[in-house]
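Next come the chains, spelled out residue by residue.
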Amino acid sequence: EHCLIERERFDIQGGGRRNLKLPLRKKLRNPDKWRAEMRLALLDLLDLSEGWQEEFLVTDEGSLKVYEADPTSCDLGAEYPGLPTTSMMHEVTVKLPEMDSIEDQETLSSL
């Protein structure tokens with residue numbers, strides 16, 4: 001099992017890089033529609049088209065966890081300095097199915 005991690009972020013204005021080592025994440029506009037938001041995040045952050053996602057990704061809906069994030073464990077409060085911030089996290093497992101043949105692997109790598 002693997003987790004997508006954002007290792008570093010380039011600061012366009014300052015010209016530097018910042019090491020993050022954080023799981024891939026995106027704010028949900030509507031938590032009740034987490035499936036659509038997840039697809040949009042995969043498109044925005046990884047440039048995976050909805051067609052590619054439909055064909056190759058399997059979402060384990062039973063893995064969905066919703067919990068209140070510990071504000072001291074990450075930079076969630078950085079957007080509003082001095083203001084106590086509470087964030088609800090939605091976490092779900094998305095998998096690539098096992099590749100049964102060389103043809104499957106070649107199809108996946110050609111996309």
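For the structure itself, look to the data block above.
### Section: the overall build of the protein
Along its length, the protein carries 3 helices and 4 strands. The buried share of the protein, taken over its 111 residues, is 14%. Considering only residue pairs separated by 6 or more positions, the protein has 43% of its internal contacts joining residues 24 or more positions apart. Accessible surface for the protein amounts to roughly 9,000 Å². Of this, 50% is attributable to carbon and sulfur atoms.

### Topic: unusual backbone geometry
Negative phi is the rule for most residues except glycine; trans is the rule for most peptide bonds. Located in the positive-phi region is Asp47, a residue other than glycine, with phi close to 60°. Inspection of the secondary structure assignment puts Asp47 in the loop between helix H1 (34-46) and helix H2 (50-56). Judged by relative accessible area, Asp47 falls into the exposed class, the value being 65%.

### A closer look at the packing of aromatic side chains
Under the criterion given, the structure shown has 1 aromatic pair. With a centroid separation of 5.1 Å and 40° between ring planes, the pair formed by Trp52 and Phe56 is classed as tilted. Within this pair, Trp52 and its partner Phe56 are both found in helix H2, separated by 4 residues, close to a single helical turn. Comparing Trp52 with Phe56 shows no difference in burial state: the two are buried.

### A word on the nonpolar core
Of all hydrophobic cores here, the largest spans 6 residues; its members are Trp34, Met38, Leu42, Trp52, Phe56 and Leu57. Among the elements of the structure, H1 and H2 are those that each provide at least two residues to this core. Per-element tally for this core: the top contributor is H1, with 3 residues. Here Trp34 is in contact with Thr59, Glu61, Leu64 and Val92, once residues within four sequence places are set aside.

### A closer look at the side chain of Glu37
Tracing the chain through its elements places Glu37 in helix H1. Judged by relative accessible area, which is 11%, Glu37 ranks as buried. At a separation of 3.4 Å, a polar atom in the side chain of Glu37 contacts the main-chain amide nitrogen of Arg29. Ignoring any residue separated from it by four or fewer positions in sequence, one finds Glu37 in contact with Lys27, Leu28, Arg29 and Asn30.

What counts, and where the lines are drawn
- Residues numbered from 1 in each chain as written.
- Predicted model: local features only at pLDDT ≥ 70, side-chain atom pairs only at ≥ 80, totals over all residues.
- Heavy atoms only, no water.
- Helix = DSSP H or I, 4+ residues; strand = E, 2+ residues; numbered from the N terminus.
- Buried < 20%, exposed > 50% of the residue type's maximum accessible area, 1.4 Å probe, protein only.
- Contact = heavy atoms within 4.5 Å.
- Areas by Shrake-Rupley, 256 points an atom, 1.4 Å probe, with all protein chains shown as cover.
- Phe/Tyr/Trp six-rings, centres within 6.5 Å; stacked < 30°, edge-to-face > 60°.
- Core = buried A, V, L, I, M, F, W, Y, C linked by side-chain atoms within 4.5 Å.
- Polar contact = N/O pair within 3.5 Å; in protein donor to acceptor, adjacent residues only side chain to side chain.

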